[in-house]
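Residue-level structural notes
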Amino acid sequence: MVVLVRVFINGYGNIGRRLASSLVLDKEIQLVGVAKYSIDDKVKEALENRYDVYVPRKMIGNFKEQGYNVTGSIDEAVEQCDLVIDAAKEGMGFDNKKNLYEPNNKPAIFQGGEDRNGERAVADMIHNSRVNFDMAAGKTYVIQGSCNVSGMGRVMQPLIQKFGDRIRRFDIELVRRWADLEDTKVVKDSIEWDRYPHHQDDVRDFIPNANLYVDAFKVPSRMMHLHQMFVRFGDGGAPNKDQILESFSDEFGVAIISSAKGTGDVRKKALELDFLMVILIWSIFTKIS
Ligand SMILES: NC(=O)c1ccc[n+]([C@@H]2O[C@H](COP(=O)([O-])OP(=O)(O)OC[C@H]3O[C@@H](n4cnc5c(N)ncnc54)[C@H](OP(=O)(O)O)[C@@H]3O)[C@@H](O)[C@H]2O)c1
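Everything quoted here is computed from the prediction, not taken from an experiment. (Residues numbered from 1 in each chain as written. Predicted model: local features only at pLDDT ≥ 70, side-chain atom pairs only at ≥ 80, totals over all residues. Heavy atoms only, no water.)

Taking 1.5 Å per residue as the helical rise, helix H7 (residues 147-163) with its 17 residues ought to reach 24 Å, and the 24 Å between its terminal C-alpha atoms agrees with that figure. The buried fraction of H7 is high, at 13 of 17 residues. (Helix = DSSP H or I, 4+ residues; strand = E, 2+ residues; numbered from the N terminus. Expected span 1.5 Å × (residues − 1). Buried < 20%, exposed > 50% of the residue type's maximum accessible area, 1.4 Å probe, protein only.)

Given below as structure tokens:
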């Protein structure tokens, strides 16, 4: 008999909604429900999706007055579950951990925007299923790297395993979308750069020896992120195209596509292939002396 893991998703924004839609399909998981903090259309959507909705205790009456048949309070849901997935806006996970998860002795997975270091660190590791899955087993608190950080790990690790000694450095130009497709946030007509993108430190958390440099730009688009990755090789030279493609032939979650005009095409292909995330990479392989 399969023992179901009872999971509660604390936060029903873009991340929480995507998680809920995949967790309900997982036969080893029982979705306890999702948390809502604001009274808006997303409550209706969650109820229509037949999720149990939990809200702050003092707001139960307010939700019910608006006609939303919520199941109970967030602290009750935390008590009932075996594991919390915290999908709050970044920075809120720390308070949730202190006020809810620690007092109830509940393990939690935090989304990739939370701090890994410093006073408001929520966990002592960033998980990447391709690199450090075993290390996460038995941990009480873990950060799941953000989509960009997870993608970088999934692409870098097979290359490191195959060509490790020959790789001198990775440089990544990261072009970030302004908002998600389903986000109501206004997309500003501006290209912004990030002087200290967190991505390279996050990747070094699970690939400590990576000689990696990331530049990040946010652009007025809702259609996916794009990474341009340069891999430089030293002694032993650069592998050829077939050897590179071969490195990804058995990789779960990495798709190789022969052509695309832009991120719109990549998204279309991702939907066809049933991928949640595709990162399009142009790789330039050189030998440096
Ligand atoms: N979106 C992405 O693709 C993406 C990618 C990488 C990383 N991330 C990280 O994930 C975080 C969440 O992203 P998102 O796009 O899902 O944001 P979002 O759509 O703004 O959702 C955040 C959710 O947090 C809920 N919330 C409010 N107070 C809370 C609390 N105390 N505890 C738990 N949840 C609470 C809000 O609920 P109400 O709506 O009910 O007020 C809201 O739905 C981001 O801040 C970012 O660091 C996101």
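The discussion continues.
Here we come to the packing of aromatic side chains. By convention here, two paired aromatic rings are described through the distance between centres and the angle between planes. All chains considered together, the criterion is met by five aromatic pairs. Centroid distance Phe 110 to Tyr 141: 6.2 Å. Interplanar angle 45°. Geometry classified as tilted. Note that Phe 110 is positioned in strand E6 (residues 108-110) and Tyr 141 in strand E8 (residues 141-144), a separation of 31 residues in sequence. Given a relative accessible area of 1%, Phe 110 falls into the buried group. (Phe/Tyr/Trp six-rings, centres within 6.5 Å; stacked < 30°, edge-to-face > 60°.)

A word on the nonpolar core. Among the nonpolar cores identified, the biggest contains 42 residues, and Phe 8, Tyr 101, Met 156, Leu 159, Phe 170, Val 203 and Leu 212 are the most heavily contacted of them. A total of six residues in this core trace back to one element, the largest contributor, which is H7. Ala 20, Val 43, Tyr 68 and Val 70 belong to the second largest nonpolar core, which has 18 residues in total. (Core = buried A, V, L, I, M, F, W, Y, C linked by side-chain atoms within 4.5 Å.)

As a further point, take the environment of Gly 153. Within the secondary structure, Gly 153 sits in helix H7. Note: C-alpha distance between Gly 153 and Arg 130 (23 residues apart in sequence) is 7.1 Å. Beyond its immediate stretch of four places on either side in the chain, Gly 153 contacts Asn 128, Val 131, Pro 158, Phe 206 and Ile 207. (Contact = heavy atoms within 4.5 Å.)

To continue, consider the packing of H7 against helix H8 (residues 199-206). Between H7 and H8, the shortest axis-to-axis distance is 9 Å and the interhelical angle comes to 50°. The pairing of H7 with H8 is recorded here as oblique in orientation. Crossing angle aside, the handedness with which H7 passes H8 is right-handed. Contact residues: Asn 148, Val 149, Met 152, Gly 153 and Met 156 in H7; His 199, Asp 202, Val 203 and Phe 206 in H8. (Axes fitted to C-alpha atoms, helices over the stretch in contact; angles between N-to-C directions. Parallel < 35°, antiparallel > 145°, perpendicular 65-115°, else oblique. Left-handed = near helix turned anticlockwise from the far one by under 90°.)

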